[in-house]
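This is what each chain is made of:
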Amino acid sequence: MGSRFKANARTISRTIEDINNYFKYLSGIGNKGFDCSPRSLELIQEWGKKRNKTLEEIRSHIGRCTRCGLSGKGTPLAFGKGHPKARLMFVGDAPAGSPSERDNPPEDPAAKLLTKIIQSLGLTPESVYICHIVKCPTPDGRPPLPEEIGACFPILKQQIQAINPDIICALGPAAAGALLNTKAPVSHLRGKFHDFLGIRVMPTYHPTHLLTNPEKKRDVWEDMKKIMRGLDTA
Ligand code: SF4
């Protein structure tokens, strides 16, 4: 009897604490008092549900990131750009440019080619979302190291959860490998959809690879057509 009473007391105490926290939350978002307005009832419905952070919140939380050796000693990182609710997201390996150029990275030939690919789909760079597995440029454009990918991946995961796209196009082996947790080459992965957090992922060759292997453009175009068909049926 005594132990059941203590358990009930603990439950009541936790519930009171939860209610207290909730009222603090309501106060924090500007609510001056409890009412039965539709917005208050909506907020109560949302209570306890896990909310994904917005892109702005993720970016602000990262701050001047020093989580890995690619950190640029406080210079801005290349977070990502495009539509915050894009249906199609492109994920590359690392942004172009040296750390000192991060504010204004030069448009490299691979980025120009990606823009052309996006335009040939009838889309614009502003209608999709483009980002990278790591947010800081790598020395001499080398592929990101596993520890750098590991440090930066939580940021990408939060971005994906915030955007919640219908399809992610993984550009190159670093992006495909990180999203699909595989070391398989892109040649084995491309051409079909895979899964990341319930979102379809189409791996394909990185535009940089196309610059030196133009014969692969046909494969990439086939992958893009599958993406567009996927978007049509989503
Ligand atoms: S690459 Fe990612 S984890 Fe590393 S410093 Fe830049 S933002 Fe931080």
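Notes on the structure in this doc start here.

Describing the overall build of the protein chain
Part 1 of the argument: Scanning the protein chain from N- to C-terminus turns up 9 helices and 6 strands.
Part 2 of the argument: Counting across all 234 residues of the protein chain, residues that qualify as buried make up 35%.
Part 3 of the argument: Restricting the contact set of the protein chain to residue pairs at least 6 apart, pairs at least 24 apart contribute 69%.
Part 4 of the argument: Carbon and sulfur atoms form 55% of the exposed surface of the protein chain, whose accessible area is close to 14000 Å².

Here we look at the site of the ligand
Part 1 of the argument: In the vicinity of the ligand, the contacting residues are Cys65, Arg67, Cys68, Ser71, Leu77, Val134, Lys135, Cys136, Ala151 and Cys152.
Part 2 of the argument: Here the ligand occupies the largest cavity.
Part 3 of the argument: Of the residues that constitute the shell around the ligand, the class distribution is 7 nonpolar, 1 polar and 2 charged.

Description of the state of the cysteines
Part 1 of the argument: Enumeration according to the criterion identifies 0 disulfides in this entry.
Part 2 of the argument: Distance from the sulfur of Cys131, which forms no disulfide, to the nearest cysteine sulfur (Cys152) is 9.5 Å.
Part 3 of the argument: Exposure remark for Cys131: the relative accessible area of 1% places this residue in the buried category.

Things to note about unusual backbone geometry
Part 1 of the argument: Residue Asn181 is not a glycine yet carries a positive backbone phi of 55°.
Part 2 of the argument: Its location among the elements puts Asn181 in the loop between helix H6 (172-180) and helix H7 (186-189).
Part 3 of the argument: Note on Asn181: relative accessible area 72%, which makes it exposed.

Notes on empty space enclosed by the protein
Part 1 of the argument: Taken as a whole and judged by the stated rule, the model has 1 cavity of 30 Å³ or more.
Part 2 of the argument: Forming the walls of the largest cavity are Cys65, Arg67, Cys68, Leu70, Ser71, Leu77, Lys135, Cys136, Ala151, Cys152 and Ile155.

Section: the pairing of strand E4 (residues 167-171)
Part 1 of the argument: Of all 5 residues in E4, 5 are buried; the element is thus mostly enclosed.
Part 2 of the argument: Going residue by residue along E4, you find Ile167, Cys169 and Leu171 tucked away on one face and Ile168 and Ala170 tucked away on the opposite face as well.
Part 3 of the argument: Two elements, strand E2 (residues 88-92) and E4, share 4 bridges in a ladder whose sense is parallel. Paired with Leu88 across the bridge in E4 is Ile167.
Part 4 of the argument: Two elements, E4 and strand E6 (residues 199-204), share 5 bridges in a ladder whose sense is parallel. Bridge pairing links Ile167 to Arg200 in E6.

A few points about the sheet that holds E4
Part 1 of the argument: In spatial order, the strands read E1-E3-E2-E4-E6-E5; together these 6 strands make up an open sheet with mixed pairing. The open sheet has two edge strands with one neighbour each: strand E1 (81-82) and strand E5 (194-196).
Part 2 of the argument: Across 3 bridges, the pairing between E5 and E6 is antiparallel. Across the sheet, residue His194 finds its bridge partner in E6, namely Val201.
Part 3 of the argument: Relative to the sheet, helix H9 (residues 217-233) contacts E2, E4 and E6, its axis offset from that of E6 by approximately 165°.

A few points about the environment of Ala151
Part 1 of the argument: Relative to the helices and strands, Ala151 is located in helix H5 (residues 146-163).
Part 2 of the argument: Between the alpha carbons of Ala151 and Thr66 there is a distance of 9.6 Å; along the sequence they are 85 residues apart.

With respect to the packing of aromatic side chains
Part 1 of the argument: For the structure shown, the criterion picks out 1 aromatic pair.
Part 2 of the argument: Relative to Phe196, the ring of Phe153 has its centre 5.8 Å away and its plane inclined at 80°; by these criteria the two rings are edge-to-face. Taken together, the residues span a long stretch of sequence, with Phe153 in helix H5 and Phe196 in strand E5 at a distance of 43 residues. We note that Phe153, like Phe196, is buried.
Part 3 of the argument: Between Arg200 and the ring centre of Phe193, over which it is positioned, the NZ or CZ distance is 5.2 Å.

Basis of the calculations
- Residues numbered from 1 in each chain as written.
- Predicted model: local features only at pLDDT ≥ 70, side-chain atom pairs only at ≥ 80, totals over all residues.
- Heavy atoms only, no water.
- Helix = DSSP H or I, 4+ residues; strand = E, 2+ residues; numbered from the N terminus.
- Buried < 20%, exposed > 50% of the residue type's maximum accessible area, 1.4 Å probe, protein only.
- Contact = heavy atoms within 4.5 Å.
- Areas by Shrake-Rupley, 256 points an atom, 1.4 Å probe, with all protein chains shown as cover.
- Near = heavy atom within 4 Å.
- 1 Å grid on protein atoms, 1.4 Å probe; cavity = no way out; pocket = protein on both sides within 12 Å on 5 of 7 lines; lining within 4 Å.
- Sits in = over half its atoms within 2 Å of the grid points.
- Nonpolar A, V, L, I, M, F, W, Y, C, P; charged D, E, K, R; others polar.
- Disulfide = S-S within 2.5 Å.
- Points joined across faces, edges and corners; volume = space filled by probe spheres on them.
- Pairing = 2+ DSSP bridges.
- Axes fitted to C-alpha atoms, helices over the stretch in contact; angles between N-to-C directions.
- Phe/Tyr/Trp six-rings, centres within 6.5 Å; stacked < 30°, edge-to-face > 60°.
- Lys NZ or Arg CZ within 6 Å of the ring centre and 35° of its normal.

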